[in-house]
Amino acid sequence: MSTPPRRRAPARRAKAPAKPWEGRFSAATDALVEAFTVSVESDFRLATQDIAGSVAHVRSLGRAGILPPREITRLERGLRAVEREIRAGRFRVRPGDEDVHMAVERRLTELVGEVGGKVHTGRSRNDQVATDLRLWLREQIDTIDSEIAALIAALGICAERDLDVALPGYTHLQRAQPVLLAHHWLAYVEMLLRDQGRLRDCRQRLNVLPLGAGALAGSGFAIDRARVARELGFASASRTSLDAVSDRDFVVEFLAAAALIAVHLSRLAEEIVLWSGEEFGFIDLPDAFATGSSMMPQKKNPDVAELTRGRSGRVIGALVAVLTMLKGLPLAYNRDLQEDKPPLFEAIDVLRPCLQIMARMMPRLRPRRERMAGAAGGFALATELADFLVGRGLPFRQAHAVVGRIVGACVEQGRALEDLSRRDLAAFHPLLDHVAARRVLSVDAAIARRRISGGTARRNAEQRLAELRTDGLLGPARGRRRG
Ligand code: ARG
């Protein structure tokens, strides 16, 4: 990605080349207005897509017989030369280059002479920017898709490693029932798979060519839009020009998907923060992924997780910004639409490093198995006892009440469920006068019982991992399974 070249101070505006609309105007643009309307610092990111769109457009002008072959060749060569300058970081944005489109056209004209002014035949910046942005976002979606895939694979590594690690599952952040740590990681895999689905869905809908819509009413030149679409890898050409130049649904859809990815990462990050604290003590952070305190020598802080959690707000903010920008716009193009790009770029710049760093960090977190297992038992096994009574024919409501009394008594006496003898249990209900009643009070048994599809039993996690592997979503099988 080429970085936007530094602009010179707007004070040099007087030397700027004439504006394309100069014919209509008799006074130069006020310097403040110029600075206020300029967008090249941000939209220069679209430069290579802008060139790709222009090359396809120029060729279509040639095929339609609107420009002669020698001019097409000249323009295409010129555009490629500009592209090389951009890729090499040699391109210089000049005062007066309002946006990326004008910067590219200005440079093209410098290189090829007056014929450069023909590149914009039958085109408007309105259909041009819509085309550039779709091309650019399409690439970004593919990259983010593969970054999600890397995180899924990283969580798969964790899940395979943690097939025999139990911890309490929580509801209301209260210990609820034991679950496998592998099952916990796989829950995030499911979220991320849906995130990928949303991105792909969005990609499919955005993959439509706006070029040819002109400013709003359709170009007056008969270019073959289906052909241009094919050349640029679009599935089709837009059907209604007014919509094509004003639609930013695809930005909103993407940002909604991105916001949800950020929220999923934030939830995972929140658990890492909680679990790495002494109160939970469920995981150890690797030194390489933690920071210390400048004042308190004992500290090891989960900053990576905290920043991932914190930055989700910026992605959500981008979604809200673009929705708000759009909501009052009449058809068709309005300059407000220029404001779609900074939040979109910001969201992507924030999200991608979060995905990358989480993928690196997750397999390096070290679960403290004993600590987790120790927390998984106790009252988190109360449901097991109630289910035992149900298995012996007691209606669930009564079973619930019996076990509720047992738990209440334990709390009062400071005892754990597992401490109760067969006789202690029998005192609460005759059906509990059985060795099997005590045997259900085991974390492993509680997990193993939940073989129902989607349940936390180990074989389900193994099966899910096998499916993921078949789907090519995990790395090659590892010989490090335990248990
Ligand atoms: N920089 C503009 C944008 O991002 C390009 C389109 C400008 N069109 C116009 N009619 N002023 O939206």
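Residues numbered from 1 in each chain as written. Predicted model: local features only at pLDDT ≥ 70, side-chain atom pairs only at ≥ 80, totals over all residues. Heavy atoms only, no water.

## A word on the pattern of salt bridges
The final tally for this structure, using the stated rule, is 41 salt bridges. With a closest N to O distance of 3.2 Å, E231 and R59 form a salt bridge. Here E231, found in helix α8 (residues 225-231), pairs with R59, found in helix α3 (residues 47-63); they are 172 residues apart in sequence, far enough to count as distant. We classify R59 as partly exposed; its relative accessible area is 29%. Several salt bridges converge on common partners, so that one network encompasses E85, R94, D97, R106, R107 and E110. (Salt bridge = Lys/Arg side-chain N within 4 Å of Asp/Glu carboxyl O. Helix = DSSP H or I, 4+ residues; strand = E, 2+ residues; numbered from the N terminus. Buried < 20%, exposed > 50% of the residue type's maximum accessible area, 1.4 Å probe, protein only.)

## Quick notes on the environment of V58
Note that V58 resides in helix α3. Note: C-alpha distance between V58 and Y333 (275 residues apart in sequence) is 23 Å. In this structure V58 touches I72, L75, L79 and V119, once residues within four positions along its chain are discounted. (Contact = heavy atoms within 4.5 Å.)

## Notes on empty space enclosed by the protein
Enumeration according to the criterion identifies five cavities of 30 Å³ or more in this entry. When its volume is computed, the second largest cavity comes out at roughly 40 Å³. Together, D50, S54, L79, H101, V104, E105, L108, V119, R123 and Q128 line the second largest cavity. Among the secondary structure elements, those contributing two or more residues to the lining of the second largest cavity are α3 and α5 (100-112). In terms of residue count, the dominant contributor to the lining of the second largest cavity is α5 (four residues). Among the residues making up the lining of the second largest cavity, the classes are represented as four nonpolar, three polar and three charged. (1 Å grid on protein atoms, 1.4 Å probe; cavity = no way out; pocket = protein on both sides within 12 Å on 5 of 7 lines; lining within 4 Å. Points joined across faces, edges and corners; volume = space filled by probe spheres on them. Nonpolar A, V, L, I, M, F, W, Y, C, P; charged D, E, K, R; others polar.)

## A short note on the site of the ligand
By nearness alone, every residue bordering the ligand is listed as S39, D43, D99, H101, R125, N126, V129, Y333, Q338 and K341. Within the side chain of R125, one N or O atom sits 3.5 Å away from a nitrogen atom of the ligand. In the environment of the ligand, an oxygen atom lies 2.4 Å from a nitrogen or oxygen atom belonging to the side chain of Y333. By residue class, the composition of the shell around the ligand is two nonpolar, four polar and four charged. (Near = heavy atom within 4 Å. Polar contact = N/O pair within 3.5 Å; in protein donor to acceptor, adjacent residues only side chain to side chain.)

## Here we look at helix α15 (residues 396-413)
For α15, with 18 residues, the first-to-last C-alpha span of 25 Å sits near the 26 Å given by 1.5 Å per residue. Following α15 by one or two positions, G414 has its phi on the positive side, about 65°. (Expected span 1.5 Å × (residues − 1).)

## Overview of the packing of helix α6 (residues 125-161) against helix α10 (residues 249-276)
Two elements in contact, α6 and α10, have axes whose closest approach is 11 Å; the angle formed by their N-to-C orientations is 20°. In terms of orientation, α6 lies roughly parallel with respect to α10. Between α6 and α10 lies a crossing of left-handed hand. For the pair α6 and α10, contact is made by A130, L133, R134, L137, I141, I144, I148 and L151 and by F250, V251, F254, I261 and L265, respectively. Class assignment of the residues belonging to the contact of α6 with α10 gives a composition of 12 nonpolar, no polar and one charged. (Axes fitted to C-alpha atoms, helices over the stretch in contact; angles between N-to-C directions. Parallel < 35°, antiparallel > 145°, perpendicular 65-115°, else oblique. Left-handed = near helix turned anticlockwise from the far one by under 90°.)

## Quick look at the packing of aromatic side chains
One pass over the structure, following the stated rule, counts six aromatic pairs. Ring centres 5.2 Å apart and planes at 40° place the aromatic pair F44 and F91 in the tilted group. On the criterion of sequence distance, the pair formed by F44 in the loop between α2 (40-43) and α3 and F91 in the loop between α4 (69-87) and α5 is long-range, its members being 47 residues apart. On the basis of relative accessible area, F91 is assigned to the buried category, the value being 2%. Geometrically, the ring pair formed by W185 and W275 is tilted, given 5.9 Å between the ring centres and 55° between the ring planes. Of the two residues, W185 is situated in helix α7 (residues 181-206) and W275 in helix α10; the sequence distance between them amounts to 90 residues. (Phe/Tyr/Trp six-rings, centres within 6.5 Å; stacked < 30°, edge-to-face > 60°.)

## So, the packing of α3 against α4
Between α3 and α4, whose axes approach to 10 Å, the crossing angle comes to 175°. The orientation of α3 relative to α4 falls into the category roughly antiparallel. Taken together, the residues of α4 that come into contact with α3 (itself represented by A47, T48, I51, S54, V55, V58, R59, L61 and G62) are I72, L75, E76, L79, R80, V82, E83, I86 and R87. The residue makeup of the contact of α3 with α4, split by class, is 10 nonpolar, three polar and five charged.

None of this, on its own, says anything about what the molecule does.
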